[in-house]
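Geometric and topological summary
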Amino acid sequence: MTPVLELDGLVKEFPMGRRGGVVHAVNGVSLAIAPGETLGVVGESGSGKSTLGRMALRLLEPTQGRIRFEGQDITRLGGGALRAWRARAQVVFQDPRDALSPRMDVRTLIEEPLRLHTDLDATARLERVVQLLRSVRLDEGYLTRSPRRLSGGEAQRVAIARALATDPTFLVLDEPTSSLDLHVRRSILTLLDTLQQERGLTYLLISHDLHMVAAHADQVAVMYLGRIVETGPAREVFEHPEHPYTQALLSATLSADPTVRPSRILLQGEIPSPIDLPPGCLFASRCPIALDACRTAPPEDRSVGPGHSAACIRIDDRTNRLRTARPAAPRAAALMEASI
Amino acid sequence: MADPTPAPTPPEGTPPEGTPPDPPIAVPHTARPPGEVLLEVDGLQVEYPGEGDPIRAVRTFDLVIRERELVGLVGESGSGKSTAALALMGLVRPPGRVTAGHVRLRGQDLLGRSDAQLRGVRGREIGLITQDARAALNPLVRIGDQVANVVRAHARVDGTTARRRAVEALRAVGIPDPERRVRAYPHELSGGMAQRVLIAIATVHDPVLLIADEPTTGLDVTVQAQFLDTLQRRVQATDAAVLFVTHDLGIVAQYCDRVAVMLQGEIVEQADVRTIFSAPSHPYTRELVGLARDRDVPERRRRDRSMPSSQAEVAETPRSSAEAAEARSTRRAGGRLARTEP
Amino acid sequence: MTGYALRRLGVGVLQLAAITVLVFVVMRFLPADPVGRLVGFTASPETIALTRDKLDLDESLPDQLLIYLGLREGDQSPGLLQGSLGDSWNTGAPVVDQIAQYLPVTLELIILAFVAALLVAVPLGVLAAVRGSGRLDAGIRFYGLFAGAQPEFWWGLAFIFLFYVTWQVAPAPLGRLDFLTAPPPRVTGMLTVDSLLAGNLAAFRDAAAHLVLPVVTLAFVLTGPIIKMVRQNVAKAMASEYVLYARGCGLPTRQIAAYTFRNSLAPSVTLIAILFAYMLGGAVLVEQVFSLGGLGQWAVASVLSFDFPAIQGIVLVITVGTLLVLLAVDLLHARIDPRVAR
């Protein structure tokens, strides 16, 4: 089956103004997403995940590399062809209140893409807007609301309805729940899952939260400083992380159960600047098991299972596991233990 | 929900062949935290002027913190938890003001004091760590000078001594090469490093209480882990009590002894950490704990592709009671409150 | 920092060269007849041809530019690169000498007005910000609006009417000294300075008395925007996270005031420079109203008589002055704010 989206060796460098120098935001990323699937791109700030999402939508021009959409090369698409293609690939951003103009009401906001991309008349458009609102579980009462009078969750629903207006096949979800409270997060994610099944959508889900991505994506790519360090089926990567960074990322999430005190990986060292990247493995400065060889040349991908690969040289002799340490208990508990 | 089901082991790096993996252990949390009463808060209220009636950001707030105790203050955006925490040291963002209540630190009333009198308490007896370190640090002053300024605000020492103590404080929070870093400006630091500078400043005078106002919001998880580790080491070294304001129940579960839950300006429940998680009594707490527990077990929610969800299920999926409550409060405040605490 | 200064200076030189050429070319395309204006419209064709030749107006435009710049020999040589701005077509005197005569008058006026405006506006702006919204703030705001609501010459005339005509406390608005006062020996060209250098207190008093109304007029209009800007920047700094955090650290009031002032200074400096350049325009009108005989008045006369070398010289001087002020401000800004010089 032809992938919906294929990225091939994408590179993005941002020039740094007067002084020269460049920020290496994305450093050679290749990936593909099958129709109807969700690819989760996970990374922390500065990993280049959002830049990657923007390049996939042609909102940013790649410095190098190719982008194919449903088999067609769209890297150099321009003018009317690009505008027409935009109807098929849409985006939902992190903060809906920034993405929705406060000067328009909900109806105008959702109607706008319909005016641009369809030749529906006013009645048909209104009908479609109501339909879209229903599909994100909002009623007609919201038509005349200003985005300012929406809660975070409601605003994100409106942003999703707007993204769906032109009936796209592909959505980039750039941290769609990060600005929302916990309880709203779940309902938005459930909504996105449901919409995917109803409409056969393909998602590129960008997030810093590996747990969230593991629950909602089919495939995962873990990014660190603009490179993919590990990729594979979501469950596989989540349950058997091979790259030291993926292991550290998973271990850093704190369990919301005070009776469980899992031992954790404690990282030290600082993240290198994307302006001045080291020559070898980018994680070497924080990696507890880095060798001298890690600092000289970037590691190649190693296959560690079906469709699962990671870029770490210590996989070769199976010494890529990080040791964990148990963190100190809360003080009151510690004193209690001491008194026993 | 009240029954603490054995939670599945969260994923972690399995140690190398031969070493048995660390089993999860049950940590005994105490029902009665040790130490004398350090801070007492009665009926604290904070108001902001609104268009008509003033908006009560903090309405019912009673709290006791004992010596060396780590207390989590939990709530979602706009619940008033940050406002309340800052008000404990007499800090209210203008145009808000404290309209009622008492705060006593070791029996000494704080709120009745003038700003000048509170100066001796802030930074010396109560240390503060705020959310966005790079906004909290003065962008135009070298970080070494900022630490030294706080040293000199409460100790009669000369400039050289203050600078030396600044270097030591930065070293204690794991800032690499502190002799050189003192000359850096805040914008030259990463978010995680700037946040550790705040720990250095907050603990430089060995305070009895630390107020940490969402100190890890905006940090990446691996950086957050480093931050929490550093904070915990400094807290143990100084024997301070901590009021940890957060919306992250993971932090609460792993680091706090006791928890107070805030909803719309009120503390709706407080208890020791095990009780909060095993037998939450308020419906809101139950919902929060349930949601937080869920994320430990993503497999349970994994989509089953062979079974598309039924229409009936879809129709009632979204909109928990708390989401509806948030929507109502947003409308009432005209979107203002929801923005005050990101 | 030095690198930054050199880069800024290099850019300044390029800007200056571009403006010089641009002004020269634009002047040549004006629908003006400077020769007819010089020799009279009834002059014989020979006289006109001779004058055109003497002024190099018979040369092609690129050649005229080369001669002006001093890269080619012509009747109007030497040129700019030899340090000559040419001779005035009106008076035949070197433009450089005339600038030396008129510029100090204007500089004296705007420097004094600027200092006076800052002395009044900065404290008022700070006061308005510190007191917040109150009667004082409202009064200061009203003053700012009121002062800025009318052009300089209108206020000049109003002040003359009040202080000279009605109350007779100010001298007649006719020049810089009374007719009977002997001017001090010329050193800087600024009468207040020269009279002090000569120890001539009578002349100083007279010169100062003549400057009071023009300076007050110019300063009066200028205070409005400065107050507004200082008030905004100080209020913004006071509401900032780093001031809240500094209070939370128990820093002394004096230090917080210093933080606030320094941080509000950085953005203010740039705007003050723009106001300084803007003042030149105001000075032209004020000089006219008070017959001070400064650069502005001379510029108006030169434009009206199509005195091309004079106009070019004036534009050049103003450009250099403006560029120097902007350069100084950028360097000052970089000195205050480390984020700029990167």
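Residues numbered from 1 in each chain as written. Chains lettered and ligands numbered in written order. Predicted model: local features only at pLDDT ≥ 70, side-chain atom pairs only at ≥ 80, totals over all residues. Heavy atoms only, no water.

1. Description of the sheet that holds strand S1 (residues 5-15) of chain A
Residue and element names in this part refer to chain A. Ordered in space as S2-S1-S4-S5, the 4 strands form an open sheet in which the pairing is antiparallel. In this open sheet, the two edge strands, each paired with only one partner strand, are strand S2 (22-33) and strand S5 (72-73). Looking at chain direction, S1 and strand S4 (residues 64-69) are connected through 5 bridges and run antiparallel. Counterpart to Val 11 in the pairing with S4 is Gln 64. Across the sheet, helix H1 (residues 49-56) is in contact with S1, S2 and S4; its angle to S1 comes to roughly 120°. (Pairing = 2+ DSSP bridges. Helix = DSSP H or I, 4+ residues; strand = E, 2+ residues; numbered from the N terminus. Contact = heavy atoms within 4.5 Å. Axes fitted to C-alpha atoms, helices over the stretch in contact; angles between N-to-C directions.)

2. Concerning the packing of aromatic side chains
Inspection of the entire model under this criterion finds 17 aromatic pairs over all chains. Pairing Tyr 143 of chain C with Phe 220 of chain C gives two aromatic rings, centres 5.6 Å apart and planes at 65°, and the pair type is edge-to-face. With Tyr 143 of chain C in helix H6 (residues 135-148) and Phe 220 of chain C in helix H9 (residues 201-238), this residue pair connects regions lying 77 residues apart in the sequence. Taking relative accessible area as the criterion, Tyr 143 of chain C reaches 23% and is therefore assigned partly exposed. Three or more aromatic residues joined by ring pairs make a cluster, and in this case those are Phe 142, Tyr 143, Phe 146, Trp 154, Trp 155, Phe 159, Phe 163, Trp 167 and Phe 220 of chain C. In this structure, Arg 145 of chain A packs its charged tip against the face of Tyr 142 of chain A, placed 4.6 Å from the ring centre. (Phe/Tyr/Trp six-rings, centres within 6.5 Å; stacked < 30°, edge-to-face > 60°. Buried < 20%, exposed > 50% of the residue type's maximum accessible area, 1.4 Å probe, protein only. Lys NZ or Arg CZ within 6 Å of the ring centre and 35° of its normal.)

3. A few points about the sheet that holds strand S11 (residues 266-272) of chain B
Residues and elements named next belong to chain B. Ordered by their spatial adjacency, 6 strands build an open sheet running S7-S8-S9-S4-S10-S11, and the pairing between neighbours is mixed. Where the open sheet ends on each side, the last strands, each with one partner, are strand S7 (126-129) and S11. Sheet twist, expressed as the mean angle between neighbouring strand axes with direction ignored, is 15°. Lying on the sheet, helix H8 (residues 221-238) is in contact with S7, strand S8 (209-213) and strand S9 (241-246); it crosses S9 at an angle near 155°.

4. A word on the side chain of Gln 226 of chain B
The topology assignment puts Gln 226 of chain B in helix H8. Owing to a relative accessible area of 11%, Gln 226 of chain B belongs among the buried residues under this scheme. Polar contacts involving the side chain of Gln 226 of chain B include one to the main-chain carbonyl oxygen of Gly 269 of chain A, which spans 3.4 Å. Look past the residues within four positions of Gln 226 of chain B in its chain and what remains in contact with it is Leu 267, Gln 268, Gly 269, Glu 270 and Arg 286 of chain A together with Arg 196 of chain B. (Polar contact = N/O pair within 3.5 Å; in protein donor to acceptor, adjacent residues only side chain to side chain.)

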